Every structure is written in C-alpha cells, then in structure tokens.
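Topology and contacts: notes
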Amino acid sequence: MKIKVWAEEIARRHLDPDAIRRTYDRYARVYDGIFGPILNPGRRRAVAAAERAPGLRVLEVGVGTGLSLPLYKSSQVVGIDVSDKMLDQARRRVARLGLTHVEDLRVMDAEAMAFPAQSFDSIVLMHVASVVPHPDRLMVEVRRVLKPGGEALVLNHFWTGRGPMSVVERALAPASNTIGFRPLSLDELISVTPLTFVAEERVNLFGYWSLVRFRRD
Ligand SMILES: C[S@@+](CC[C@H](N)C(=O)[O-])C[C@H]1O[C@@H](n2cnc3c(N)ncnc32)[C@H](O)[C@@H]1O
C-alpha cells in the first residue's frame, strides 16, 4: 500500500500538460503501429458499451489518432484531444474512411472542457485517465458534460502494485512525461469520480486492461 501511494505521488509530481502534449505530438505518426491492433479488443468493448441504444451523442476524450472512430455503428461522435498532431491523424482517418458519424474533432483540454453541461449521452475515455495531470478534474468535467442517466466508460490499465509488471511500472514512474502516462489505480479513479461505479470488466491481452463503467444517476 505504501509503495502504491509512493508511485502515485512520484507520477503526479512529474506530469506536466505541455510535456504530455509534446510527447503525443511526437508519437502521432507511429502511434497506430505501437498501440493499434493490440488494444483494439478493449476499444471494441468500450464502443459497444457506449452504444447502449441507437442515436446517442458520444464524446471521446483523448481520441488520439481516432483508432476507435470506425468502430461506432449508431452514434454521432465528437472527439477531443490536446495534441493537434494526433488529431491530424484522426482527421485523415475520417476523410479516408468517409466516417460521416464523426461530428467534430477538436483540440480541447479534458480538464476544462468548452461544452455546455449535459451535452453527451455517453463519454468514452480510452487510455487517457492515466495521462492527464489531474484525474479528479477530468472526472468532474466528465460528470458535468454527461447527461443524467448517461454512462462514462473508462478503458485503462490500472496499477495494482502487484505482479512482475508493477516493478517495471514503478521504475518508469519518474519518466511519466517522456512516456506519456503514469500509474493510476482503480481505487484512486473511483475515489475521484463523482459518478456511480457500475462494473469493471477485464479486457485485452491477459486481462491486463479494464473497462470500467460509471453512471450519472
Ligand atoms: C494513450 S493516448 C490514447 C489515444 C486513444 N484514446 C487510444 O485509445 O488509442 C492518450 C491521448 O490523450 C491525449 N491527452 C492527454 N492529455 C489530455 C487532456 N488533458 N485532454 C485531452 N486529451 C489529452 C493525448 O494527446 C493522447 O492523444
């Protein structure tokens, strides 16, 4: 438990929004090759959960290069990201595949969103909760722009402080700005989220990632 708190503290001290944006600007051209197919099963599960009914308006926070955008079948989708270079890749994908369900792709900080309250039926956060400096501010904003009855779907690897990978994660924590993420535990996420926790489902290779559902009652 002490180790967990220590790792989270280190990572929090080192995450800086400009450094994170620059890191993802640098990743933009190679991102799909590294994080594409391997994480797609989880992306499919998250999109399916977000589309719990037809005709919904969905927000993708930290949409990145838009790997998930072709997976939507029945929703209108808005994507935001702090990295214009990641969004450029997403814009190209939308044009190349003719994804008419994508309403807008905008540079925006998820910790201070420009949308009016209660704008979206579902909000999808894939591999972004451990990337922002303040997960608490992120989740307060998510609640604000989510409609009552709506769901937030958080797909992430969560730090457990156990197993062989936790040693690697602890070693990487001080380099969070360079690698673009920090350790985040599910307990920490739940504790800073002003929404009702619904369920956790293990996804992707070895169940190493989780899809977590929250609801705004
Ligand atoms: C690991 S990538 C995930 C991309 C995509 N969701 C996926 O599943 O592949 C994290 C993304 O979050 C974006 N990001 C980081 N901080 C952000 C913030 N404060 N607001 C919005 N997007 C942010 C990064 O620029 C990057 O594109």
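Residues numbered from 1 in each chain as written. Predicted model: local features only at pLDDT ≥ 70, side-chain atom pairs only at ≥ 80, totals over all residues. Heavy atoms only, no water.

A tally of helices and strands in the protein chain yields 9 helices and 7 strands. Classification of the 217 residues of the protein chain by burial places 53% in the buried group. Counted over contacts in the protein chain with a minimum sequence separation of 6, partners at least 24 positions apart contribute 73%. Carbon and sulfur atoms provide 56% of the accessible area of the protein chain, an area that totals close to 10,100 Å². (Helix = DSSP H or I, 4+ residues; strand = E, 2+ residues; numbered from the N terminus. Buried < 20%, exposed > 50% of the residue type's maximum accessible area, 1.4 Å probe, protein only. Contact = heavy atoms within 4.5 Å. Areas by Shrake-Rupley, 256 points an atom, 1.4 Å probe, with all protein chains shown as cover.)

Generally speaking, nonpolar side chains in soluble globular proteins are found buried as a group. In terms of nonpolar packing, the biggest core is built from 28 residues, with Leu59 and Val61 touching the most fellow members. For this core, the secondary structure elements donating two or more residues are β1 (57-61), β2 (76-81), β4 (120-126), α6 (135-145), β5 (146-156), α9 (186-192) and β7 (209-215). No other element matches the 4 residues that α6 contributes to this core. When near neighbours in sequence (up to four residues on either side) are disregarded, leucine 59 contacts Val78, Ile80, Met113, Phe115, Phe120, Ser122, Ile123, Val124 and Val145. Among the nonpolar cores identified, the runner-up in size contains 24 residues, and Ala90, Val94, Met126 and Leu153 belong to it. (Core = buried A, V, L, I, M, F, W, Y, C linked by side-chain atoms within 4.5 Å.)

A separate point is the pairing of β7. Walk down a regular strand and you will see the side chains alternate between the two sheet faces. The element β7 is largely enclosed, with a buried count of 5 among its 7 residues. By the bridge criterion, 6 bridges tie β5 to β7 in an arrangement that is antiparallel. Along β7, the bridge assignment pairs leucine 155 with leucine 211. As paired strands, strand β6 (residues 196-203) and β7 are joined by 7 bridges and run antiparallel to one another. (Pairing = 2+ DSSP bridges.)

Phi at glutamine 118 takes a positive value of approximately 55°, unusual for a residue other than glycine. You can see glutamine 118 is positioned in the loop between β3 (102-107) and β4. A residue is classified by how much of its surface remains accessible, and glutamine 118, at 40% relative accessible area, is partly exposed. Positive phi is not limited to glycine here, since asparagine 204 has a value of about 65°. Along the chain, asparagine 204 turns up in the loop between β6 and β7.

Turning our eyes to something else, we now look at the site of the ligand. Surrounding the ligand, one finds 19 residues, the nearest of these being Tyr31, Arg43, Gly62, Asp81 and Ala110. Separating a nitrogen atom of the ligand from a backbone N or O atom of methionine 126 is a distance of 2.9 Å. In isolation the ligand exposes 590 Å². Once the protein is present, 95% of that is buried. Residues belonging to the shell around the ligand are distributed by class as follows: 12 nonpolar, 4 polar and 3 charged. (Near = heavy atom within 4 Å. Polar contact = N/O pair within 3.5 Å; in protein donor to acceptor, adjacent residues only side chain to side chain. Nonpolar A, V, L, I, M, F, W, Y, C, P; charged D, E, K, R; others polar.)

Our focus in this paragraph is helix α2 (residues 17-27). Here α2 has its buried residues at Ala19, Ile20, Thr23, Tyr24 and Tyr27. End-on view of α2: buried residues confined to an arc of 130°, all on one side of the axis. (Arc of directions from axis to C-beta.)

One open sheet holds the 7 strands; their spatial order is β3-β2-β1-β4-β5-β7-β6, and the pairing between them is mixed. The open sheet has two free edges, formed respectively by β3 and β6, since each of these has just one partner strand. Recorded for the sheet is a direction-independent mean angle of 15° between the axes of neighbouring strands. Sitting on the sheet, α6 is in contact with β1, β4, β5 and β7, with an inclination near 145° to β5. (Axes fitted to C-alpha atoms, helices over the stretch in contact; angles between N-to-C directions.)

Right, let's get into helix α4 (residues 40-50). Within the sequence span of α4, burial applies to Asn40, Gly42, Arg43, Ala46, Val47, Ala49 and Ala50. Buried residues belonging to α4 abut α3 (31-35), β4, β5, β6 and β7.

Time to look at the packing of aromatic side chains. Counted according to the given criterion, the structure contains 6 aromatic pairs. Taking the centre distance of 6.1 Å and the plane angle of 80° together, the rings of tyrosine 27 and phenylalanine 35 count as edge-to-face. Tyrosine 27 sits in the buried class, given a relative accessible area of 18%. Among the residues examined, phenylalanine 35 registers a relative accessible area of 24% and is labelled partly exposed. Summarising the aromatic geometry, the rings of tyrosine 208 and tryptophan 209 are spaced 5.1 Å apart at their centres and angled 80° between planes, so their arrangement reads as edge-to-face. Taken together, the aromatic side chains of Tyr24, Tyr27, Tyr31 and Phe35 make up a single cluster linked through ring pairs. (Phe/Tyr/Trp six-rings, centres within 6.5 Å; stacked < 30°, edge-to-face > 60°.)

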